[in-house]
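Here's the letter readout for the chains.
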Amino acid sequence: MENRGQKRTEDVDELPADKRPCSSLEFRPSSSNSSPQTPMSTAHASQDADMDTSSSTSGSIRSEGGEGEKESVYGSCDSDNGVHDYYRHRLVNDQSKFKKMLSSLSEEVDESGQLALLTELCELLSFCSDSSLSSLMVDSFSPILVRLSRHESNPDIMLLAIRAITYLCDVNSRSTGFLVRHDAIPVLCQRLMTMEFLDVAEQCLQALEKISREQPLACLQSGAIMAVLSYIDFFSTSVQRVALSTVVNICKKLSPESPGLFMDAVPILCNLLQYEDRQLVESVASCLIKIGDQVRRSPNLLDEMCKHGLVQHTLHHIGLNSRTTLSQPTYIGLVGLLVKLAAGSTVAFRTLFELNISNTCKDILSSYDLSHKVQSTLTVDGHHNRIHEVLKLLNELLPTNTPEQDNQQKSEKEDFLFSHPDILKKFGVDLLPTLIQVVNSGMNLFMCCGCLSIINKLVHWTTSDGLYRLLQTANFSSFLAGVFTRKDHHVILLALQIVDAIMLKLPHVYLNSFIKEGVPYSLYVLFSPDKDLKDSPVFDGIRMENDAALKPASRGVHRCPCFAFDICQSSKSPENGTCKLEKDTVQILAKRIWISYFETESVNPEKGVTDVLQKLRTLSTALTVLVNESQEEATSSKLEEDFSDLLHQIMSELKEEDSISTFEFVESGLIKSLVDYLSNGRHIGQEVTHAADHFCTMGKRFEVFGQLLVSSTDPASEKSLILALIQRLQNGLSSVENFPVIPSHAYRTRNYYATVPSGHCTPYPCLKVQFVREKEENCLRDYADDIVNVDPFVPLEEIEGYLLPRVRNNKTGNSTLRSEDSKLKDSTCSPSPSDSSTPQGKSAEDIAPMVDVEELQEVKPNLLSSPTNTSSSAQKVMDAAEDSVDQEGHNPLQQEASTSTDSEDTPASLQLYLEGQELNCKSTLYQSILKQQTGTEHDSMSIATLWSRVYKITYGRHATTERIHCKRSHDESTLSLLCEKTFSQYTPYFCRMFISNAEAEELGPSYDVISLLKSLEGINRLRFQLMSRETMRVFAEGRTDDLNKLNSAICEVHQNEFVNKKLTEKLEQQMRNPIAASVGAMPAWCTLLMDWCPFLFGFEARCKYFHIAALGRLPNHTQSTSHGNNGGGSSGRHQNPRKKILVHRNKILESAAHMMELHSRQKVVLEVEYSEEVGTGLGPTLEFYTLVCHEFQRSGLGMWRDDCLVSLFGLFPRPWSPSQTTSSSTLHSEVIKKFTLLGHIVAKAIQDGRLLDLPFAKAFYKLILGKELSLYDIQSFDPALGRALLEFQAVVERKQYLKSHCEDSSRDVDVLLRNTKIEDMCLDFSLPGYPDYVLASGLDSKMVNLHNLEEYVALMVDATTKSGIARQVEAFKSGFDQVFPIRHLKVFTEEELERLLCGEHVLWNSDELLDHIKFDHGYTISSPPIANLLEIMKEFDLKQQRAFLQFVTGAPRLPTGGLASLSPNLTIVRKHCSKGIDDDLPSVMTCANYLKLPPYSSKEVMREKLLYAITEGQGSFHLS
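Worth saying up front: this structure is predicted, and the values here are computed from it rather than measured.

1. Quick notes on the overall build of the protein chain
Then, in step 1: Helices and strands together make up the secondary structure of the protein chain, namely 66 helices and 17 strands.
Then, in step 2: Counting every position in the protein chain, which comprises 1520 residues, the buried fraction comes to 56%.
Then, in step 3: A total of about 64,600 Å² of accessible surface is found on the protein chain, and carbon and sulfur atoms cover 49% of it.

2. Focus: the packing of helix α8 (residues 198-214) against helix α11 (residues 237-251)
Two numbers describe a pair of packed helices, the interaxial angle and the distance between the axes.
Then, in step 1: The geometry of α8 relative to α11 is characterised by a closest axis approach of 9 Å and an angle of 30 degrees between their N-to-C directions. If you check the angle between α8 and α11, you find them roughly parallel. The two elements α8 and α11 cross, and the hand of that crossing is left-handed. For the pair α8 and α11, the contacting residues are Glu202, Leu205, Gln206, Leu208, Glu209, Ser212 and Arg213 in the first and Val239, Val242, Ala243, Ser245, Thr246, Asn249 and Ile250 in the second.
Then, in step 2: Residue classes in the contact of α8 with α11 are distributed as six nonpolar, five polar and three charged.

3. Observations regarding the side chain of serine 758
Then, in step 1: By secondary structure assignment, the location of serine 758 is in the loop between β1 (752-754) and β2 (760-762).
Then, in step 2: The buried category is assigned to serine 758, whose relative accessible area is 9%.
Then, in step 3: Reaching out from serine 758, the side chain makes a polar contact with the side chain of histidine 760 at a distance of 2.9 Å.

4. Thoughts on the sheet that holds strand β14 (residues 1413-1416)
Then, in step 1: The sheet built from four strands is open, its strands ordered β14-β15-β17-β16 with mixed pairing. This sheet does not close on itself; its edge strands, each paired only once, are β14 and β16 (1483-1485). Mean inter-strand twist for the sheet, computed between neighbouring axes without regard to direction, equals 25 degrees.
Then, in step 2: Sheet topology note: the β14/strand β15 (residues 1466-1470) ladder contains four bridges and is parallel.

5. Let's talk about helix α48 (residues 1007-1021)
Each full turn of the α-helix corresponds to 3.6 residues, which orients residues three or four apart in the same direction.
Then, in step 1: With 15 residues, α48 should reach 21 Å at 1.5 Å per residue; the first-to-last C-alpha distance of 21 Å fits that figure.
Then, in step 2: When you tally the buried positions in α48, you get 14 out of 15 residues, the bulk of the element.

6. Topic: the sheet that holds strand β6 (residues 910-914)
Then, in step 1: In spatial order, the strands read β4-β3-β8-β6-β7; together these five strands make up an open sheet with mixed pairing. Lying at the two open borders of the sheet, with one neighbouring strand each, are β4 (788-790) and β7 (917-918).

7. Brief notes about the pattern of salt bridges
Then, in step 1: In this structure the tally under the stated criterion is 49 salt bridges.
Then, in step 2: Ionic pairing is found between lysine 210 and aspartate 170, a salt bridge with its closest N-O pair at 3.2 Å. Pair noted here: lysine 210 is in helix α8 and aspartate 170 is in helix α5 (residues 155-171), with a separation of 40 residues, a long-range link.
Then, in step 3: Between glutamate 1287 and arginine 1314 there is a salt bridge, with the nearest N and O atoms lying 2.7 Å from each other. Here the residue glutamate 1287 occupies a position in helix α59 (residues 1279-1300), and arginine 1314 occupies one in the loop between α59 and β12 (1326-1327), the gap between them amounting to 27 residues.
Then, in step 4: Bridged by salt links that share partners, the residues Glu1030, Arg1033, Glu1037 and Arg1039 form one connected network.

8. Here we look at unusual backbone geometry
Then, in step 1: Here the residue pair valine 756 and proline 757 is connected by a cis peptide bond, since its omega of 10 degrees sits within 30 degrees of zero.
Then, in step 2: Structurally, proline 757 is set in the loop between β1 and β2.
Then, in step 3: Note that the residue after serine 1463, namely proline 1464, is joined by a cis bond; omega there is -5 degrees.
Then, in step 4: Inspection of the secondary structure assignment puts proline 1464 in the loop between α65 (1438-1449) and β15.
Then, in step 5: Positive phi outside glycine occurs at methionine 195, with the angle close to 55 degrees.
Then, in step 6: Mapped onto the elements of the fold, methionine 195 is located in the loop between α7 (184-194) and α8.
Then, in step 7: The phi dihedral of cysteine 1322 is positive, around 55 degrees, even though this residue is not glycine.

9. A look at the pairing of strand β9 (residues 1138-1143)
Then, in step 1: The buried fraction of β9 is high, at five of six residues.
Then, in step 2: Sheet topology note: the β9/strand β10 (residues 1165-1170) ladder contains six bridges and is parallel. Each residue of the ladder has a partner; that of valine 1143, found in β10, is tyrosine 1170.
Then, in step 3: Regarding topology, helix α54 (residues 1148-1159) serves as the crossover connection from β9 to the parallel β10, and that connection is right-handed.

10. Section: the pairing of strand β17 (residues 1490-1493)
Then, in step 1: Going residue by residue along β17, you find Tyr1490 and Lys1492 tucked away on one face and Leu1491 and Leu1493 tucked away on the opposite face as well.
Then, in step 2: In the sheet, β15 pairs with β17 via four bridges, with the strands oriented parallel. Each bridged residue has a counterpart across the sheet, and for isoleucine 1468 the counterpart in β17 is leucine 1491.
Then, in step 3: In this sheet, β17 lies alongside β16 in antiparallel orientation, the contact comprising three bridges. Each bridged residue has a counterpart across the sheet, and for valine 1484 the counterpart in β17 is leucine 1491.
Then, in step 4: Adjacent in sequence and paired antiparallel, β16 and β17 are bridged by four residues, among which asparagine 1489 carries a positive phi angle near 55 degrees.

11. Some thoughts on the packing of aromatic side chains
Then, in step 1: One pass over the structure, following the stated rule, counts 39 aromatic pairs.
Then, in step 2: Look at phenylalanine 793 and tyrosine 926: their rings are 5.2 Å apart centre to centre, the planes differ by 85 degrees, and that puts the pair in the edge-to-face class. Placement of the pair is phenylalanine 793 in the loop between β4 and α38 (796-807) and tyrosine 926 in helix α43 (residues 925-932), with a sequence separation of 133 residues.
Then, in step 3: On the basis of relative accessible area, phenylalanine 793 is assigned to the buried category, the value being 1%.
Then, in step 4: On the basis of relative accessibility, which here comes to 0%, the residue tyrosine 926 falls in the buried class.
Then, in step 5: A connected cluster of aromatic rings, assembled from ring pairs, spans Phe1099, Phe1106, Trp1200, Phe1235, Phe1256, Phe1260, Tyr1261, Phe1372, Phe1376, Phe1380 and Phe1388.
Then, in step 6: The cationic tip of arginine 806 hangs over the ring face of tyrosine 802; the distance from NZ or CZ to the ring centre is 3.8 Å.
Then, in step 7: Above the ring of phenylalanine 1035, the side-chain terminus of arginine 1294 is found at 4.7 Å from the ring centroid.

12. A look at the packing of helix α50 (residues 1061-1071) against helix α51 (residues 1084-1092)
Then, in step 1: Following both chains from N to C, one finds α50 and α51 inclined at 125 degrees, their axes separated by 11 Å at the closest point. Comparing their axes, α51 and α50 come out oblique. Two packed elements cross with a definite hand, and for α50 against α51 that hand is left-handed. Seen from α50, the contacting residues are Leu1063, Lys1066, Leu1067 and Gln1070; seen from α51, they are Trp1085, Cys1086, Leu1089 and Met1090.
Then, in step 2: Class assignment of the residues belonging to the contact of α50 with α51 gives a composition of six nonpolar, one polar and one charged.

13. Section: the environment of methionine 305
Then, in step 1: One can find methionine 305 in helix α15 (residues 299-306).
Then, in step 2: By relative accessible area, methionine 305 is classed as buried at 0%.
Then, in step 3: Taking C-alpha positions, methionine 305 is 9.8 Å from aspartate 264, a pair spaced 41 residues apart along the chain.
Then, in step 4: Residues within four places of methionine 305 in sequence aside, it is in contact with Met263, Val266, Cys270, Leu288, Ile291, Gly292, Val295 and Leu310.

14. What to know about the confidence of the model for the protein chain
Then, in step 1: Mean pLDDT for the protein chain: 77, with 74% of residues reaching 70 or above.
Then, in step 2: Confidence, expressed as mean pLDDT per element, reaches its minimum in the protein chain at helix α40 (residues 843-846) with 35 and its maximum at helix α61 (residues 1366-1377) with 95.
Then, in step 3: Counting interchain partners and residues more than four positions distant, the pLDDT-below-50 stretch residues 567-576 has 23 contacts.
Then, in step 4: Taken together, the stretch residues 1117-1133 has pLDDT below 50 and engages in 35 contacts with residues farther than four places along the chain or on a different chain.

15. Focus: a negative patch on the surface
Then, in step 1: A cluster of acidic side chains, namely Asp1308, Asp1310, Glu1319 and Asp1320, defines a negative patch on the protein surface.
Then, in step 2: Turning to its location among the elements, glutamate 1319 is positioned in the loop between α59 and β12.

The rules behind these values
- Residues numbered from 1 in each chain as written.
- Predicted model: local features only at pLDDT ≥ 70, side-chain atom pairs only at ≥ 80, totals over all residues.
- Heavy atoms only, no water.
- Helix = DSSP H or I, 4+ residues; strand = E, 2+ residues; numbered from the N terminus.
- Buried < 20%, exposed > 50% of the residue type's maximum accessible area, 1.4 Å probe, protein only.
- Areas by Shrake-Rupley, 256 points an atom, 1.4 Å probe, with all protein chains shown as cover.
- Axes fitted to C-alpha atoms, helices over the stretch in contact; angles between N-to-C directions.
- Parallel < 35°, antiparallel > 145°, perpendicular 65-115°, else oblique.
- Left-handed = near helix turned anticlockwise from the far one by under 90°.
- Contact = heavy atoms within 4.5 Å.
- Nonpolar A, V, L, I, M, F, W, Y, C, P; charged D, E, K, R; others polar.
- Polar contact = N/O pair within 3.5 Å; in protein donor to acceptor, adjacent residues only side chain to side chain.
- Pairing = 2+ DSSP bridges.
- Expected span 1.5 Å × (residues − 1).
- Salt bridge = Lys/Arg side-chain N within 4 Å of Asp/Glu carboxyl O.
- Right-handed = clockwise from strand over helix to strand, strands pointing away.
- Phe/Tyr/Trp six-rings, centres within 6.5 Å; stacked < 30°, edge-to-face > 60°.
- Lys NZ or Arg CZ within 6 Å of the ring centre and 35° of its normal.
- pLDDT = per-residue confidence, 0-100.
- Patch = residues over 30% accessible without salt bridge, like charges linked within 9 Å, V, L, I, M, F, W, Y side chains within 5 Å.
- Lys, Arg positive; Asp, Glu negative; His and termini not counted.
- Charge placed at Lys NZ, Arg CZ, Asp CG, Glu CD.

Here's what the structure looks like:
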């Protein structure tokens, strides 16, 4: 291998080590294992070589290097015949040499001759091909080499003979069998056991590692495990890795019949488990896991394993404070090892309790928090994973109460628990709150059953006194009431058993608590399903499918929860057998508990009334009566006072934390009454007769209710008031929602062809559909084809758009459509290269490009002129900026169908029916089918036959010509006109407050709860507006002259408070379904809630949903964890192909423009290579995007406010007057082009997962998300102007108030602003800071006074946030839409969009450095240079942190999630210094986030060198 470590000679003395590009040669294994060496040379080899690797641990790395070399090969000048002749000649020559060497070695030769022959043999073996050495030749060489390996008088001969054996294994795959037959393994083991020469021993380890791959059983029987491990501490780390790889290979063939062959190694392996090297620990753990699996049925051998500290060391590694980060399989395997030890060993059982296992498990379970960036590791079908294994361990630590277990071992465990009540108490105190939290988070069925099984055992084994104290740590009654809403017999049975045990031990303590939380009513519903308990959302969630028989688990369906954690205390039945629960088991137990504990009490489920519930119902009824009165007569001041008093009463009741249970809150009807109040009684898409009055009433009530929640003088009280309501609603939502999670179902992985709606290939199967005309439908034709393949994941409105022109009686065009259909059917599934740039509906986005795009293109220098496409699109944006047109794409056939209404008999739209039920046009066919199937979660037959059935869809004319979405858009435009002046700041919120009847029906009893949560989220988001309006009202009424509160900081409720963990986990489970390559493959509730109330889901879950919806795939870091369980559907989550682009560093913006012109519409990942630099890959690409961002922030572009300097409040578009665009058309056209390019860049960065260094203002993010700006948003990007306009608006409202209360309305009133008249401010009608921007024609010479102040404020707001920036914003959106539709970003808030686009603000803190940085190749966590580096990094300020990240990764900011999300992880390796250790500078490899750090002599020297490198080593990529 050539020397790759030299820098350019001109830079060596002047600059630090240049940033290193990704090079395939960097990762190739060292040649020490594959090339001949001088005898005894390895005995003195350095243990700290830079980038030290071994052949046994670099398989994956070697393949990467191979790929890199393959890409650089462009062809050969030799003809095929010449190449064949060359290899044929070389083969003959090698075979001749081997024969001569074999003959010579077979003869009696002196030692010097043998040494020379062995040296030549090693050299020949290291370069020959596989076919050069036949099996016969190998069989002949083997006894000779084995004999020479015993040559104890000459260690050099031994070394070369063993090395030849090693190379022999590489050359011929069958050589290991011949070597075993000639007793090579005992010879190698003998050399290791004598340990006379270190280099000979190291070569023996290399040879044994090769042999153990193919002959692990022979190695095991020859005692190779102990031979390899006996003197392992004498070797370097790299050699230790080779030794342990050998043991790992051998452990694959362990047998429980001969434990003596491997049990002696347990003490050594347990000692090695304490090492810090990750690769060593991984190998040791793998060996111990295999050993534990073999002896799991032998308590004596398990006890023997525990005597050497195995439990202690394993607990250390699975704890969150472990310094060694293990891979997921190894981590899960270690937890599984503890499960086996706890199940079979009393010693392990005692040790785990004594080592406080409950605290470790609590930390692991608590770390699973979906709302705070922790990635989910569960799978839908309940396969083993981290949480699953921890729950199995906890289940094993609590004995069962059945006699099926070994009596002696069980009695020992029970005696231990009884004799140590303090340990059991701490176990419960640590875990009970965490287990409750896990269940409430919405875990899948298996996890829920596991947690409840542990709680059930805990309640059983705890004494009455201990149980009373234990259950005080959580609201246990409310928790159990929520569990009863799960429609699964296993979960319900466990909950009933827990209730039974608690009532047996603490009947008087929990009787009233259970009644208050509705537990008795849940029992009553379970054994009396036919009773009608009024319209109860809680009881609706409790009813189970009692008629559904418990079916045997069919092939391909999840195993029954009975076997997942041994919940039913039986292990006799197979895991895929019949469920062990008998029919009516749940009903019988529920009735027995009811009769035993609740029937004698004064509990009437059919009335279901407690004192608190009755009081809340009274308040709810009163509020409903007032709402009805307000609809019948005009709202009066008396009615408003009644509303205010009643709302204060309701809020004071809800503010009390412990007085109202979730059951009482939900059952009272108060939630629906509050929603009716806020929506004026029309909250489910009802017709509005007097729209103006209706929406104005809504605006007033929204303001009153919001100010009631946020206007409190006590900050603590303010927080608790709104939080109390939010938390109650979250608990209520978790208790009443029962949204299904559709399980995964396998399908064959291949390309499928969907004829409907657009004729395209899909990676998922299609549904077979037969379209049939309604019998009484005379205005439509029969569909020509019999059965067609339909894309299951497109909305039904697209299918309708395809179907309508083909079934109309209009004869024109039908033949054309049929011919088009035939062409589509004849077309192949391989898309042309142009498909990616011209998407057709959704199909092109879902199809992976089939062409090789790994090409290098040079960007021409003359790129300043924008491409024609960009200029034309920009001109269109300039021409159409005044129009508010929907930018979303539509199917041309659908547009034709919607506009073709030539006659009364021609329908404007169709209505589709499936089995007589009307289908929602917004849903997909897949969602509609699943919705109609009963028992979706458990009906295995319906899932199994989903793809093979033929579905008959009936079509007819739609009853109404207007669709729901048309009505909604009409309502939105009406709203904007009606509320323009008074309540315009709330208009965007009101536009999405309503959903249709069909959508509300989809949400079921959860609808009212979610509606009220949406109102609270809007109040929280608009809190500044609400408080400002309250301040203005007080000022207008003359109660204060202080306007300083307009600038006061507002403490908002954190957005995480609106996240429902249960729904988030359900969505996570659904997205882990392999078929979820499209949002149409998820249940309808996922799409509906994400569109209507995205705040209900955690940020990480929304990021995954966004990637599926917008990009057709999961994020890259998620895909790597998903492939293990993908099954048949992984093809839907493909990686986009890559394309390399050559750019010029001195023409960054021009290069970006040309790059986007060529590739913005293509689904390819762009990678950058700079002209005259060798770097390519992730690092240069990230730096390119960073440089582009800096170019966009240069002064003089005319793009941003405060163009001469970088605004502290972020970038916001500079306003351009319509008159200016005419006089300065060239300059403004360039600005529009740059905004279009910026849209391209931002969208492409999101699509490719690149970070940008663009400090956009919060208000600009709102514009990107499609939200409207108002007066109250100006202060966020221009505080001085925003504050002044708010004060002007306050003056306007005071003038209006005084005029309305003045007897003579024509008399002028005088209002001062801070003791100053408006006229004295000398303001004219021009935009401040932009004197050329005239606010209105004819007003340029007119001064602002009190009379025209309102008009001035309106024009200022319009110029700043609307008309002045409309063209720029539309240009940005048009550029963005060319990559993917910008509407998909609406699932994020402004702050979240900034995190997605730019990464984290806070780069790192001292606590997370140790957790998320890897140390390798000569460094460990305890190395002195690493300690110095960590201290230096902790002392970095923000500027130095950004420079460090720019140097190491290519981007100055970390991705969302911080260091934990950096992929690959930041890795520190030791750099081998050619000179003195203090002479070299650090260097990096940005593709792998590698920092090569010399072991400097002191912290001061390291700090000096590191700062010099990160500040001066920017700007180029070369080899270091």
